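# Overview (structure and organization)
Each chain, letter by letter, is given below.
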Amino acid sequence: MVTAALCQDAPLPSVDRCTWDQTAGRACIACGRQLTTGAVPRGSVSTTVGARVIAYEVWSCPPPPAVT
């Protein structure tokens, strides 16, 4: 049996592999699709510029609806 991985379970990429929309919280950090409602907070990815640390809060797609 093959099960699909959920975006909320995917490992966070490094910030240099993210698009502008992903670091702005507008796109899923895992698949890159545009986010609307129900997005799941995933934490943050960060980078350094000189002595400054810049962190971006990232989000993923909502989980699929439960099948009853």
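Residues numbered from 1 in each chain as written. Predicted model: local features only at pLDDT ≥ 70, side-chain atom pairs only at ≥ 80, totals over all residues. Heavy atoms only, no water.

Here the focus is the overall build of the chain. Looking only at helices and strands, the chain features 1 helix and 2 strands. Listing every helix and strand of the chain by position from the N terminus yields α-β-β. Counting only C-alpha atoms, the chain reaches 50 × 25 × 15 Å along its principal axes. Taking all 68 residues of the chain together, 21% fall into the buried category. Carbon together with sulfur atoms contributes 55% to the accessible area of the chain, which is approximately 5100 Å² in total. Considering the chain, the positive charge centre built from 5 side chains and the negative charge centre built from 4 side chains are found 3 Å apart. (Helix = DSSP H or I, 4+ residues; strand = E, 2+ residues; numbered from the N terminus. Buried < 20%, exposed > 50% of the residue type's maximum accessible area, 1.4 Å probe, protein only. Areas by Shrake-Rupley, 256 points an atom, 1.4 Å probe, with all protein chains shown as cover. Lys, Arg positive; Asp, Glu negative; His and termini not counted. Charge placed at Lys NZ, Arg CZ, Asp CG, Glu CD.)

As defined by bridge partners, strand β1 (residues 40-49) adjoins strand β2 (residues 52-60) across 9 bridges and the pair is classed as antiparallel. The residue bridging Val-40 from the neighbouring strand is Ser-60, located in β2. Linking two consecutive strands that pair antiparallel, namely β1 and β2, is a turn of 2 residues; a positive phi of about 65° is found at Gly-50 within it. (Pairing = 2+ DSSP bridges.)

Within the secondary structure, Thr-23 is located in helix α1 (residues 20-23). A polar side-chain atom of Thr-23 sits 3.0 Å from the main-chain carbonyl oxygen of Trp-20. Every residue in contact with Thr-23, bar those within four places of it in the chain, is listed here: Val-15, Cys-18, Tyr-56 and Glu-57. (Polar contact = N/O pair within 3.5 Å; in protein donor to acceptor, adjacent residues only side chain to side chain. Contact = heavy atoms within 4.5 Å.)

Moving on, we come to the state of the cysteines. What the rule picks out here adds up to 0 disulfides. The cysteine Cys-28 is free of any disulfide, with Cys-61 supplying the nearest cysteine sulfur at 3.6 Å. When its relative accessible area of 0% is taken as the criterion, Cys-28 is described as buried. (Disulfide = S-S within 2.5 Å.)

Next up on the list: the nonpolar core. By size, the foremost hydrophobic cluster in this structure holds 5 residues: Val-15, Cys-18, Ile-29, Val-45 and Val-58. Apart from residues no more than four positions distant in its own chain, Val-15 is found in contact with Thr-23, Val-45, Ser-46, Thr-47 and Tyr-56. (Core = buried A, V, L, I, M, F, W, Y, C linked by side-chain atoms within 4.5 Å.)

Before going further, it helps to examine the environment of Gly-32. With respect to the element layout, Gly-32 can be found in the loop between α1 and β1. By relative accessible area, Gly-32 is classed as partly exposed at 33%. In the structure, Gly-32 is positioned 21 residues away from Pro-11 in sequence and 14 Å away in space, judged by C-alpha atoms. Filtering out sequence-adjacent residues up to four positions away, Gly-32 remains in contact with Gln-22 and Ala-27.

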